[in-house]
Every structure is written in structure tokens, then in C-alpha cells.
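Observations on the three-dimensional arrangement
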Amino acid sequence: FPWSKFESLYDPVVYAYMRNLANYYAKPSRATLGKCLSHLLRYKERFDILFISFILLRHFAREGLIEFSTLSEAERNFLSVTKLWDFMEPLEQPIEETLNVINSLFVKVGNKNR
């Protein structure tokens, strides 16, 4: 059996992130959201921060945690694309510009849920 595929489950950093995410889905609140995001950002070198943020922010948008009337054109575009690459491809500095949009959206999610 290929146990090596499941080694990340025993990584305490990954396990803590999964636990925080499960707590958020079980009991959505500003506190559980904050723990999830704080952990993700604390260990961003260990995760695919762009993709995870893309998935989380799209989920937050569907849950009504993002006020669309306050979004910039880039933020609306980020949340409306089907694939992350569709957003990043036309950008001159795709990683830096995408991180700027992600950070801005996380701030707006946090402000709306205070």
C-alpha cells in the first residue's frame, strides 16, 4: 500500500490546518475563520497559498462573507473566474499581483465579519 501518499497527514502543520478548516466548516464564525487564515498565512511557505486562497475566497463569496459592492474590478474578476490561471495569465507579475488581490480580499472578509 502506498502509505507515502498519506505522509502529509502526519505533518503537524498540515494536520493543524486541516483541523482549523474543519472547525470553520463545522461552526462558521469570525473566530474559526481567523484561526484558519492565521495558520495558513503563518506557514505560507508550506502551502500553495495562491490556490488555497482562491478556493477559500470563492467559498467565502458563496457564503456571503464578501460584500461585492466594495470590490475592485480585479477582486471581482478574481472571484468570478473558474480557474486561478484564467485570472493570473494576463497579468504582468502574476504571483505578486494575485497575492495583492488575495490580501485585499482577506482584509475585506475580516472587516465584514467583525
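Reference entry: report on the structure contained in this document. Once a new chain begins, its residue numbering starts again from 1 and follows that chain's sequence as written. Local features in this predicted model are restricted to residues whose pLDDT is 70 or higher, and side-chain atom pairs enter the listing and the counts only when it is 80 or higher, whereas totals over whole chains, interfaces and linings include all residues. The side-chain values count all of the structure's non-hydrogen atoms but skip hydrogen atoms and water molecules.

A few words on the packing of helix H3 (residues 49-62) against helix H4 (residues 73-80). For any two helices packed against each other, one specifies the inter-axial angle together with the distance between the axes. The convention used is that axes are lines fitted to C-alpha atoms, helices contributing only their stretch in contact, and that angles between N-to-C directions extend from 0 to 180 degrees. A run of H or I in DSSP becomes a helix once it reaches four residues, and a run of E becomes a strand once it reaches two; helices and strands are each numbered from the N terminus. Contact geometry of H3 with H4 gives a least axis separation of 9 Å together with a crossing angle of 95°. In this view, H3 runs roughly perpendicular relative to H4, as classed from their interaxial angle. Between H3 and H4, the contacting residues are Phe 54, Leu 57, Arg 58 and Ala 61 on the first element and Phe 78, Leu 79 and Ser 80 on the second. When grouped by side-chain class, the residues that make up the contact of H3 with H4 number five nonpolar, one polar and one charged. An angle counts as roughly parallel when it lies under 35 degrees, as roughly antiparallel when it exceeds 145, as roughly perpendicular when it falls between 65 and 115, and as oblique in every other case. Residue contacts follow a heavy-atom distance rule, with two residues in contact if any of their heavy atoms lie within 4.5 Å. All amino acids are sorted into three groups, where Ala, Val, Leu, Ile, Met, Phe, Trp, Tyr, Cys and Pro are nonpolar, Asp, Glu, Lys and Arg are charged, and the leftover types, Gly among them, are polar.

Time to look at the packing of aromatic side chains. Centres within 6.5 Å are what make two rings of Phe, Tyr or Trp a pair, Trp counting through its six-membered ring; a difference in plane orientation under 30 degrees is then read as stacked, over 60 as edge-to-face, and the rest as tilted. Applying the stated criterion across every chain, the model contains five aromatic pairs. On the basis of an interplanar angle of 90° and a centroid distance of 5.2 Å, the ring pair of Phe 78 and Phe 87 is categorised as edge-to-face. Phe 87 carries the same exposure label as Phe 78, and that label is buried. The rings of Tyr 24, Tyr 25 and Phe 60 are connected pair by pair, giving a single aromatic cluster. A simple rule labels every residue: compare its accessible area, found with a 1.4 Å probe on the protein chains alone, to the largest value its type can have, and call it buried under 20%, exposed over 50%, or partly exposed in between.

In this scheme, a helix's expected span is set at 1.5 Å multiplied by one less than its residue total. Taking 1.5 Å per residue as the helical rise, H3 with its 14 residues ought to reach 20 Å, and the 20 Å between its terminal C-alpha atoms agrees with that figure. Of all 14 residues in H3, ten are buried, a share of seventy percent or more. Taken together, the buried positions of H3 are occupied by Ile 49, Leu 50, Ile 52, Ser 53, Phe 54, Leu 56, Leu 57, His 59, Phe 60 and Ala 61. A positive phi of about 80° marks Gly 64, the residue just after H3.

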